[in-house]
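Below are the chains, spelled out letter by letter.
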Amino acid sequence: AVVSTQSTGIKSGTFNRFVELLTDTQNYQINFVKVFLLTYQAFTTPKQLLRKLIQRYNVPRDPEMSISEFTKYRTGIQTGVINCLKLWVTDGDDFEMNAHLQKDFMQFIHTCVSHDNPQQYRILRQKLLLVRGMVVNHNTKKEDISTPPLKLPSNLSPNATLFDHGAPEIARQLTMLDFALFAKIKPVELVNQAWVKPKYSHQAKNILHFAERMNTLTRWAATSILAQKDKLARAKMITDFINIADELFKLNNFSSFIAIINALEGSAISRLHSSWNKVDRKICQKNDDLYEKILPDSNFRTLRKVIAQADPPCIPYVGLFMSDLTFATECNPTVVNGMINFVKCKYINDIINRLRLYQQKPYHFEVVPSIAAPLQQLHALDEETMYEISLQLEPKKPK
């Protein structure tokens, strides 16, 4: 049975009943289908779902049905299964990373669908080949995108260092690199807390890569400051990173913004009081103002408000979404009274879809190789080594 109310929709149900709803052409619920296909791996696997859909397709005849009644009944169900499969494979993520699923899918449509409905077979086959990259989608539109003027110093030397290029353009180039990684994160990576479970880590390679990039960015910023041998040079580097963080904030790149602020507030850098004393007071105040935006008060209420009010393009702080997904996963049971808790699926779906909205609108800036290249290969020391260097640069004062 499926438990539902008129105001809240489907609340819970069995796997078999959900499959029936997925393939119901008489009472087709597109929102239910989309939520299900995005979150089903919270309670089953792609292999099991395909097996259930194949069973549904091969529906047995009820002895009380006439042949004509059964033919009409079966055709409706098979149409529903085909529609579900088309929607599922069009998204492509589950199939892209699962060769066994591709094989089973192709075997099923070749064995069954090709005989019952050759036209739909060709459509399904074409969609799977698109996922495999064996055919090219010629229907994709190429946008004619114009890029804004570069923001580089007018007196830039041919031998300029990375930081000579100025905070605005460094922030832009960082943001383009970040968005390319952010846009690769797939919905399947956000289900079942795959990023923290070794069993599912192969499904979360993009979000883990993005998280590692942000951690490296934090350590790189701190490493760059510690590489300066005197207080004035360190103060200048601290100033550069505060200005970069400010530009990242203006660009709505909240992930790299927080990564830089974390470097400045980290133990290896924040303790360099002699260096910080050489930083202009207005710059220090700017740093304080920026830090206030990421204070973890009331579940990051300030930061959440800032992100919610930001107009795309935007790279949100992905850690907030990971935290929300962890809460939705751990604080809501998957099974309630022996049935799948679909309310939990809706929670997860809403969080994932909020993240996906930010992936839809990319940034369009001109690539500056002299900035982008070094930002792709960041040299960063580990936390322990950085703290040791920090102590060497500015030893603790005896009590």
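See the structure shown above.
Now for a description of the structure that goes with this document. (Residues numbered from 1 in each chain as written. Predicted model: local features only at pLDDT ≥ 70, side-chain atom pairs only at ≥ 80, totals over all residues. Heavy atoms only, no water.)

## Focus: the overall build of the protein chain
- A tally of helices and strands in the protein chain yields 19 helices and 4 strands.
- Overall, the protein chain is about 90 × 45 × 35 Å in size when its C-alpha atoms are taken along their principal axes.
- When burial is assessed residue by residue, the protein chain has 46% of its 399 residues classed as buried.
- Taking as baseline every contact in the protein chain between residues at least 6 positions apart, the subset at least 24 positions apart corresponds to 69%. (Helix = DSSP H or I, 4+ residues; strand = E, 2+ residues; numbered from the N terminus. Buried < 20%, exposed > 50% of the residue type's maximum accessible area, 1.4 Å probe, protein only. Contact = heavy atoms within 4.5 Å.)

## Structural notes on a negative patch on the surface
- Residues E265, D288, D289 and E292 make up a contiguous surface patch of negative charge.
- Considering each element in turn, the negative patch owes the most residues, 3 residues, to helix α14 (residues 281–292).
- Mapped onto the elements, E292 comes out in helix α14. (Patch = residues over 30% accessible without salt bridge, like charges linked within 9 Å, V, L, I, M, F, W, Y side chains within 5 Å. Areas by Shrake-Rupley, 256 points an atom, 1.4 Å probe, with all protein chains shown as cover. Salt bridge = Lys/Arg side-chain N within 4 Å of Asp/Glu carboxyl O. Lys, Arg positive; Asp, Glu negative; His and termini not counted. Charge placed at Lys NZ, Arg CZ, Asp CG, Glu CD.)

## A closer look at the side chain of S224
- By the element assignment, S224 lies in helix α9 (residues 205–226).
- Classification of S224 by relative accessible area gives buried; the value is 11%.
- A distance of 2.8 Å separates a polar atom in the side chain of S224 from the backbone oxygen of W220.
- If near-sequence neighbours (up to four positions away) are discounted, S224 is found in contact with F163, M237 and F241. (Polar contact = N/O pair within 3.5 Å; in protein donor to acceptor, adjacent residues only side chain to side chain.)

## Description of the packing of helix α16 (residues 318–330) against helix α17 (residues 342–359)
- Running from N to C, α16 and α17 cross one another at 170°; their axes reach a closest spacing of 9 Å. Comparing their axes, α17 and α16 come out roughly antiparallel. Side by side, α16 and α17 meet where F321, D324, L325, A328 and T329 of the first sit next to K344, Y347, I348, I351, I352, R354, L355 and Y358 of the second.
- Of the residues belonging to the contact of α16 with α17, the class tally is 9 nonpolar, 1 polar and 3 charged. (Axes fitted to C-alpha atoms, helices over the stretch in contact; angles between N-to-C directions. Parallel < 35°, antiparallel > 145°, perpendicular 65-115°, else oblique. Nonpolar A, V, L, I, M, F, W, Y, C, P; charged D, E, K, R; others polar.)

## Topic: the environment of I109
- Position of I109 relative to the elements: it lies in helix α6 (residues 99–116).
- Along the backbone, I109 and Q120 are 11 residues apart, and their C-alpha atoms lie at a distance of 9.1 Å.
- Not counting residues within four places of it along the chain, the set of residues in contact with I109 comprises S114, Y121, L124 and R125.

## A closer look at a nonpolar patch on the surface
- On the surface, Y28, I30 and L87 cluster together to form a nonpolar patch covering roughly 230 Å² of accessible area.
- Overall, the relative accessible area of 31% leaves L87 in the partly exposed class.

## A look at α9
- Taking 1.5 Å per residue as the helical rise, α9 with its 22 residues ought to reach 32 Å, and the 31 Å between its terminal C-alpha atoms agrees with that figure.
- When you tally the buried positions in α9, you get 16 out of 22 residues, the bulk of the element. (Expected span 1.5 Å × (residues − 1).)

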